[in-house]
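Report on the structure
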Amino acid sequence: MNLEEVKKISESRDIYLWGARRVGFSTLNSLAKEGVLVKGFLDSSPDIQGTVVRGQPVFPPNEILAKPPADNFIVITSELHVNEISNVCDESGLSHNKDYIAALELQTYDYIVDVSGVCNLKCLSCPRGNRRIHPKPGFMSASHFEKVLTKIVREDPLTGAIALYNLGEPLLNPEFPEIVEICNSKGVLATLSSNINIKKSFVDTIKAKPALFRISASGYGSSYEITHRGGNWNLFLDNMYKLNYWREKYNPEMQVEVFYHLYKDRTEDYQKMAKLCKELNFSLRVCHAALLALDNINSFLEGETLTEEAIKTMELQILSVTEAMSIAKKTQNLPCTVLSSLAITWDSKVMACSCWYDPKLRISDEDFLDIPLEKIVRLRNSCELCKLCRKNGLHRYFNAYLDESLVRKKDSLYKN
Ligand code: SF4
Ligand code: SF4
């Protein structure tokens, strides 16, 4: 199915986007540019059901699945749970290509441009805090970013949003507000994830109007500082209030989402964070804290010694690596959803995968600007790393950690 067919369908059926995050924003934006209006988002996260995101109401999926299929058409805009959502659609009597498709069937990749190759923190679970070898530090300049984005939009015109982060702190890039403005000038929504644990003001970034501002957090008060290692709780809290104030003043449409990594023995902390988010009108997403990156998990499976920070992370986890890998193994036959994203580093190299950290894992030494999209697709589809990953089920590891329904099923918010 292609865009023209979706446009035709939209003349007689209501279009819903399943997944109200980055890919959802991207598809909403690119469909709107083509004159396709959607009826709303579907999302399994109770925290945002019943709210309005980018002007669209968010419905619980069952509410729409209960309606006659001939009335609706679903575009799956989840980043990681495409297979699971497709199964739910099938079980509800919908047919692929007739009643639903995945957004990433309409474009080649979901793009990540890590404009900052530096982070101010050394979180326990993150390779910046738990690996010994790191990529070269630096920032992508706004002028280079403009070239990168021009190429992306030329080669993959349905790109409606872009992630300006992977494993770096974007607000440290001195040209970040300009980078956000460049996105907007090209009709591409800018999304970022930040630890907001920085002393310098980031009001110019808010004024530049990113569409989605994600904040990564774990714990509350002193527990936050254990896992967000190097962070200062009071600075974080102060910046949460500042962000709210600046959003209301300069960019009220901006969606703010706290992405909360859940560790053991922090039930009360989570409840305090939920209260704070409610007060500030930020949405709250929760996941079991994962050990990143896949380099560590591969080492663990191979019986290699992990760093003390990686071991400490595992001690604090609710969902253990062993349990997550056992879930991953059960779905090993499913395709890799990470393959639909393409990560470009601050120094304009194409990573083999956004979930691995070793600086050597690039698909080529060439600059992204010099590699045609067809060649990127070819190189990634024949990547040796993917073969290793699939052989061990590693490609499904993060699906277990980002499964919010598993948090509820394990009762992790209350029992730990
Ligand atoms: S998780 Fe984010 S904030 Fe923490 S060290 Fe990694 S990149 Fe920095
Ligand atoms: S198979 Fe593994 S290396 Fe390849 S894209 Fe998926 S997660 Fe990344």
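Because the structure is a prediction, the values reported are computed rather than measured. (Residues numbered from 1 in each chain as written. Chains lettered and ligands numbered in written order. Predicted model: local features only at pLDDT ≥ 70, side-chain atom pairs only at ≥ 80, totals over all residues.)

Considerations on the overall build of the chain
We count it as follows: Note on conventions: DSSP H or I runs of at least 4 residues are helices, E runs of at least 2 residues are strands, and numbering of each starts at the N terminus. Partly exposed residues are those whose C-beta has more than 12 but fewer than 20 other C-beta atoms within 10 Å; with 20 or more the residue is buried, with 12 or fewer it is exposed, and the C-beta atoms are placed from the backbone. Two residues form a contact once the distance between their C-beta atoms, set from the backbone, is within 7 Å.
Counting its regular elements, the chain contains 19 helices and 13 strands. Projected onto the principal axes, the alpha-carbon positions of the chain cover approximately 55 × 50 × 50 Å. Looking at the chain as a whole, 46% of its 416 residues are labelled buried. Expressed as a percentage of contacts within the chain between residues at least 6 apart in sequence, the contacts between residues at least 24 apart total 74%.

As for the nonpolar core
Defined as follows: Here, a nonpolar core means buried Ala, Val, Leu, Ile, Met, Phe, Trp, Tyr and Cys residues linked by C-beta atoms lying within 7 Å of one another. Delimitation of the domains relies on an automatic or database domain assignment.
Counting residues in each nonpolar core, the largest one holds 116 residues, and the members touching the most others are Ile76, Val113, Val115, Ile162, Leu164 and Cys183. The greatest single-element share of this core, amounting to five residues, is contributed by helix α7 (residues 176–185). When we break this core down by domain, the ones giving at least three residues each are domain 1 (3–105) and domain 2 (110–415). Among residues more than four places away in sequence, those in contact with Cys183 are Leu149, Ile162, Val188, Leu189 and Ala190.

A look at the domain arrangement of the chain
Interfaces are often sized by the amount of accessible area the parts lose when they come together. In terms of domain boundaries, the chain breaks down into domain 1 (3–105) and domain 2 (110–415). For domain 1 and domain 2, the distance between their C-alpha centroids amounts to 24 Å. On the domain 2 side, the residues contacting the 22 residues of domain 1 number 24 residues. Secondary structure elements with two or more residues in the side of domain 1 that touches domain 2: α2 (22–33) and α4 (82–91). At nine residues, α2 tops the list of elements feeding residues into the side of domain 1 that touches domain 2.

Digging into the pairing of strand β12 (residues 283–288)
Just so we agree on the cut-off: Note: two strands are recorded as paired if DSSP finds a minimum of 2 bridges between them. If you view a crossover with the strands going away from you and the path from the first strand over the helix to the second runs clockwise, you call it right-handed.
Strand direction decides the pairing type here: strand β11 (residues 255–262) and β12, joined by six bridges, are parallel. Across the sheet, residue Phe259 finds its bridge partner in β12, namely Arg285. A crossover connection joins β11 to the parallel β12 through helix α11 (residues 267–280); in handedness this β-α-β unit is right-handed.

What about the environment of Arg390?
Mapped onto the elements, Arg390 comes out in helix α16 (residues 384–392). Separated by 58 residues in sequence, Arg390 and Gln332 place their C-alpha atoms 7.0 Å apart.

Observations concerning the site of ligand 2
Rules: Each residue receives a C-beta atom built from its backbone; the residue is near a molecule or strand if that atom lies within 6 Å of it. Residue classes follow a fixed rule: Ala, Val, Leu, Ile, Met, Phe, Trp, Tyr, Cys and Pro count as nonpolar, while Asp, Glu, Lys and Arg count as charged, and any other residue, Gly among them, counts as polar.
Taken together, the residues surrounding ligand 2 are Cys336, Val338, Leu339, Cys353, Cys355, Leu385, Cys386, Cys389, Arg390, Leu394 and His395. Its residues assigned to classes, the shell around ligand 2 shows nine nonpolar, one polar and one charged.

As for the site of ligand 1
Close to ligand 1 lie Cys119, Leu121, Lys122, Cys123, Cys126, Arg128, Gly129, Leu167, Gly168, Glu169, Asn195 and Ser216, which account for all nearby residues. When grouped by side-chain class, the residues that make up the shell around ligand 1 number five nonpolar, four polar and three charged.

Description of the sheet that holds strand β6 (residues 100–102)
Threshold: Every angle, taken between N-to-C directions, lies between 0 and 180 degrees, and every axis is a line fitted to C-alpha atoms, over only the stretch in contact when it is a helix.
In spatial order, the strands read β3-β4-β2-β1-β5-β6; together these six strands make up an open sheet with mixed pairing. The sheet is open, and its two edges are formed by β3 (52–53) and β6, each paired on a single side. As paired strands, β3 and strand β4 (residues 56–59) are joined by two bridges and run antiparallel to one another. From the neighbouring strand, Val52 faces β4, where its bridge partner is Pro57. Most of the contacts of α4 go to strand β5 (residues 72–76), to which it runs at about 160 degrees, and overall it touches β1 (14–18), β5 and β6.

Here we look at the packing of helix α6 (residues 142–155) against α7
The criterion, for reference: Roughly parallel refers to an angle under 35 degrees, roughly antiparallel to one over 145, roughly perpendicular to one between 65 and 115, and oblique to any angle outside these ranges. Left-handed describes a crossing whose near helix is turned anticlockwise from the far helix by less than a right angle; the clockwise case is right-handed.
In contact at an axis separation of 9 Å, α6 and α7 are set at 25 degrees when each is read in the N-to-C sense. One element, α6, and the other, α7, form an angle in the roughly parallel class. Two packed elements cross with a definite hand, and for α6 against α7 that hand is right-handed. Here Ala142, Phe145, Glu146 and Leu149 of α6 lie close against α7, whose contacting residues are Glu178, Ile179, Ile182 and Cys183. Tallied by class, residues from the contact of α6 with α7 come to six nonpolar, no polar and two charged.

Side note on α4
Side chains three or four residues apart in an α-helix point the same way, a direct result of the helix having 3.6 residues per turn. This is how the line gets drawn: Each direction from the helix axis to a C-beta atom contributes to the arc, which is the arc of those directions.
Along α4, the positions that sit buried rather than exposed are Val82, Ile85, Ser86 and Cys89. For α4, the arc enclosing every buried residue in end-on projection is 105 degrees, short of the 170-degree limit, so these residues lie on one face. More than 90 degrees from the buried face of α4, the exposed residues found are Asn87 and Glu91. On its buried face, α4 is in contact with β1, β5 and β6. Among the residues trailing α4, Gly93 stands out with phi positive, at a value near 90 degrees.

Focus: the pairing of β5
In terms of residue burial, β5 counts as a mostly covered element, since four of its five residues are buried. Where the polypeptide runs from β5 across α4 and back to β6, its parallel neighbour, the crossover connection is right-handed.

Digging into the environment of Ile162
As for its placement among the helices and strands, Ile162 is situated in strand β8 (residues 161–163). Excluding residues that lie within four positions of it along the chain, Ile162 makes contacts with Tyr111, Val113, Cys183, Val188, Ala190 and Thr191.

Things to note about unusual backbone geometry
With an omega dihedral of -10 degrees, the bond running from Leu292 to Ala293 counts as a cis peptide bond. Positionally, Ala293 belongs in the loop between β12 and α12 (294–301). Positive phi, normally seen in glycine, also occurs at Asn97, with a value near 75 degrees. With respect to the secondary-structure elements, Asn97 resides in the loop between α4 and β6.

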